[in-house]
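Here are the chains, one letter per residue:
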Amino acid sequence: MDRRNFIEKSCLTCLAVAIGGVTLNSCSSMKTVNSFADDGYLILDKTEFEDANTQEEYNSIIVTSNSLKTPLILFKTGSDSYEAVSLECTHKGVKLDLVEDKLECSAHGSIFEKNGTVIKGPAKKNLKRYSVDKTITTIKIQL
Ligand code: FES
């Protein structure tokens, strides 16, 4: 193997590992937090976005509650900014999956932006968005 072939094969191997890593990352299970409603809000500690074992930060977490028919997903959109949208497809109510940076419905193929905007039907309505407030240590999702 000459030097050129070695470099080409090395680059392809690195690319395959990088793509494989991204794929594994996007397929890994997401953190789910259960929260109880308090005075019309779901209240979460901001540390929920930190992995206690690895100290890595999640970009999003799923929030369940006895006050929600379908879980919502809470995105960390900046150093201290958050967005929450329902995971209930507006077509026929199937729970959506986060696939890379889109919310996809496995039932009939609707796709939504992370902010809830529908980008592919059959769903016609955007996802329900929740108002998010915060304190120094908590995130408050208004139901
Ligand atoms: S229920 Fe989601 S596209 Fe039909």
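Given the structure is predicted, the values throughout are model-derived calculations rather than measurements. (Residues numbered from 1 in each chain as written. Predicted model: local features only at pLDDT ≥ 70, side-chain atom pairs only at ≥ 80, totals over all residues.)

**Student:** Could you give me a rundown of the overall build of the chain, with the residues and numbers involved?
**Tutor:** On a plain count of helices and strands, the chain comes out with 1 helix and 13 strands. Helices and strands appear in the chain in the N-to-C order α-β-β-β-β-β-β-β-β-β-β-β-β-β. A separation threshold of at least 6 residues defines the contact pool for the chain, and within that pool the share at least 24 residues apart is 41%. (Helix = DSSP H or I, 4+ residues; strand = E, 2+ residues; numbered from the N terminus. Contact = placed C-beta atoms within 7 Å.)

**Student:** Tell me about the pairing of strand 6 (residues 81-86), residues and numbers included.
**Tutor:** Regular strands show a simple pattern: their side chains alternate between the two faces of the sheet. Note that strand 5 (residues 72-78) and strand 6 share 6 bridges and pair antiparallel. Among the inter-strand pairings, Gly-78 is bridged to a residue of strand 6, identified as Ser-81. In this structure, the hairpin formed by strand 5 and strand 6 is closed by a connection of 2 residues. Strand direction decides the pairing type here: strand 6 and strand 11 (residues 129-130), joined by 2 bridges, are antiparallel. (Pairing = 2+ DSSP bridges.)

**Student:** Tell me about unusual backbone geometry, and name the residues and values.
**Tutor:** The amide bond that connects Gly-121 to the next residue, Pro-122, takes the cis arrangement and shows omega of 25°. Take Pro-122: it is sitting in the loop between strand 10 (118-120) and strand 11. At Asp-39, a position not held by glycine, the phi torsion is positive, near 55°. Note that Asp-39 resides in the loop between strand 2 (37-38) and strand 3 (41-45). Given 7 C-beta atoms within a 10 Å radius, Asp-39 is considered exposed. The phi dihedral of Glu-100 is positive, around 55°, even though this residue is not glycine. In this fold, Glu-100 is placed in the loop between strand 7 (97-99) and strand 8 (102-104). Judged by the 9 C-beta atoms lying within 10 Å of it, Glu-100 falls in the exposed class. (Buried ≥ 20, exposed ≤ 12 C-beta atoms within 10 Å, placed from the backbone.)

**Student:** Hey, could you go over the pairing of strand 13 (residues 138-142) for me, with residue numbers and the actual values?
**Tutor:** Only one face of strand 13 is buried: it carries Ile-139 and Ile-141, and the other face, with Thr-138, Lys-140 and Gln-142, is open. Pairing of strand 3 with strand 13 involves 5 bridges; the strand directions are antiparallel. Across the sheet, the residue bridging to Ile-43 is Lys-140, located in strand 13. Where strand 12 (residues 132-134) folds back on strand 13, the antiparallel hairpin that results is connected by 3 residues.

**Student:** Which residues make up the environment of Lys-92, and what values go with them?
**Tutor:** Mapping Lys-92 onto the fold places it in the loop between strand 6 and strand 7. Residue Lys-92 is classed as exposed on the basis of its C-beta count, with 12 C-beta atoms lying within 10 Å. Along the sequence, Lys-92 and Pro-122 sit 30 residues apart, while their C-alpha atoms lie 9.6 Å from each other.

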